[in-house]
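# Coordinate inspection notes
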Amino acid sequence: MAAAGQELAEAAWIDVIQRMDEVYSELVASQETLETKHRELAEAHHFTEGVLAAMTDVLVVCDTVGKVRQVNRAMLQLTGHAESELVGRELAELVEDSQARSQIATLLAAGRSDVQDVEIALPRQQGEPVPVTWNVSPLYDGEGRYSGFVAVGRPIGELKRAYAQLQAAHQALKSAQAQLVQAEKMASLGRLVAGVAHELNNPISFILGNAHAMQRYAGKLTRYLNAIHAHDLSSDNQALRIELKIDRLLADLPSLSAGLMEGAERSGHIVDALKRFSAVEENTRQRVDLADLTQRAVHWVSRAAPFRVEVSSSGLDEPAWVCGSANQLQQVLVNLIQNAFDAIEKTPQPTLQLRLERAGDMVELVLLDNGPGISEEALPLIFDPFFTTKPIGKGTGLGLSISYGIVERHGGQLSADSPQSGGACFTLRLPAYHH
């Protein structure tokens, strides 16, 4: 009996030891599985933290009542706060103005719906608040229950800088396009003017040559007729002399021939000016008389104007030598004077004052009209491409912009002002010519 009981006890101990081995094996396997899961969880956690840290956009995670649960590095850098100063606080406490708090209340009320492009400014420890545009999405837990929301924001300053760069590139493209259009128009106009000048040159030369001959012949005829009239004429010839008004004709011949000569010479000068205008200048660093160019521009614009303008000038009676292109500067002057004429067209007594001064290394031309002037809103934009205060169809908005570019390329300045006395004042400053 005793032996049988001892065998049963030994069998029981062996069974217990085997069970302990099995439990130990299971514990070891569970420990290995737990360590593997813990390592994977740590790697996932580090990966998530790395992604959040690498984000340049601001990220804020809040619970259902709006308390901050997590922020990323961009949020800390933007606000200048430590993570411990933000986590656990209500999101509404992070903003200062009431409008931003009402927007946060709207986000909380929206609950599970997505909210796009909400602008809320974040205060910083140093500096002004930063406006941020936010995209908000709901957050759910593992069981699919709503547990808060995730807000991702981007400072609007970056968007504004990108928009400003895009706007600047767009303006540069428009300006370049305008310059190309104007260059093509000027090239076509130059070819047309060159052809017209060539066609006019031959008949004007013919007229000028005949005018010289007529002047000589008129002198000889006058001398011959005076010699005949010095003798007594028969009554019939005397009556014919009176009937044909020979004496008046002889008296008018000098002025008629002189007028014919003057007209032919002026036509020749116009043709020469058209040739110079249409010619392509290879040398734009020439000695140019700004006073002469100004007088010529006033003459051309005045002749084309349908109304009379009283033009007063000072300093134009002596040469004012500048360095540049005569044709390009002529274009600038014609544009400025034409704009002044357009501005004073409806003025009861239109006047234009021109003042040319020489000061050291610069020559300054001031043009002042008595028109309505330039408004404060238009003054900063007056030289921008396509900006014009003229009615539709009256102006292209390119004249002053092109003139400004020409003056800049000549090393000068072109400025506009609206003085308190009234009217518009344009000042052209160019480097003086030095040998």
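Going by an unreviewed UniProt entry, the protein carries the name histidine kinase and comes from Aquitalea palustris.

### Remarks on the sheet that holds strand β2 (residues 68–71)
As summarised here, the arrangement of the five strands in space is β2-β1-β5-β4-β3, forming an open sheet in which the pairing is antiparallel. At either end of the open sheet lies a strand with only one pairing partner, and these are β2 and β3 (115–122). Strand-to-strand, the axes of this sheet are offset by a mean angle of 30°, without reference to chain direction. Where strand β1 (residues 58–62) and strand β5 (residues 146–155) come together, five bridges link them in antiparallel fashion. In the strand pairing of β5, Val61 is matched with Val150.

### Some points on the sheet that holds strand β12 (residues 425–431)
Strand order in the open sheet formed by five strands is β7-β9-β10-β12-β11, with mixed pairing between adjacent strands. In the strand order of this sheet, the two ends are held by β7 (310–314) and β11 (413–417), each with one partner. Each strand axis lies, on average, 15° off the axis of its neighbour in the sheet, ignoring direction. Taken together, the five bridges between β7 and strand β9 (residues 351–359) define a ladder with parallel strand orientation. Note on β9: the bridge partner recorded for Ser313 is Leu354. The strands that helix α9 (residues 326–343) touches are β7, β9, β10 (362–369), β11 and β12; relative to β10, the one it contacts most, it runs at about 20°.

### Concerning the pattern of salt bridges
As enumerated under the stated definition, the model contains seven salt bridges in all. Among the salt bridges present, the one from Asp57 reaches Arg154, with a minimum N-O distance of 2.9 Å. Here the residue Asp57 occupies a position in the loop between α1 (2–54) and β1, and Arg154 occupies one in strand β5, the gap between them amounting to 97 residues. Note on Arg154: relative accessible area 35%, which makes it partly exposed. Where Arg145 meets Asp141, a salt bridge forms, and the shortest distance between an N and an O atom there is 3.2 Å. Linked by salt bridges that have partners in common, Asp141, Glu143 and Arg145 make up one network.

Conventions used here
- Residues numbered from 1 in each chain as written.
- Predicted model: local features only at pLDDT ≥ 70, side-chain atom pairs only at ≥ 80, totals over all residues.
- Heavy atoms only, no water.
- Pairing = 2+ DSSP bridges.
- Helix = DSSP H or I, 4+ residues; strand = E, 2+ residues; numbered from the N terminus.
- Axes fitted to C-alpha atoms, helices over the stretch in contact; angles between N-to-C directions.
- Contact = heavy atoms within 4.5 Å.
- Salt bridge = Lys/Arg side-chain N within 4 Å of Asp/Glu carboxyl O.
- Buried < 20%, exposed > 50% of the residue type's maximum accessible area, 1.4 Å probe, protein only.

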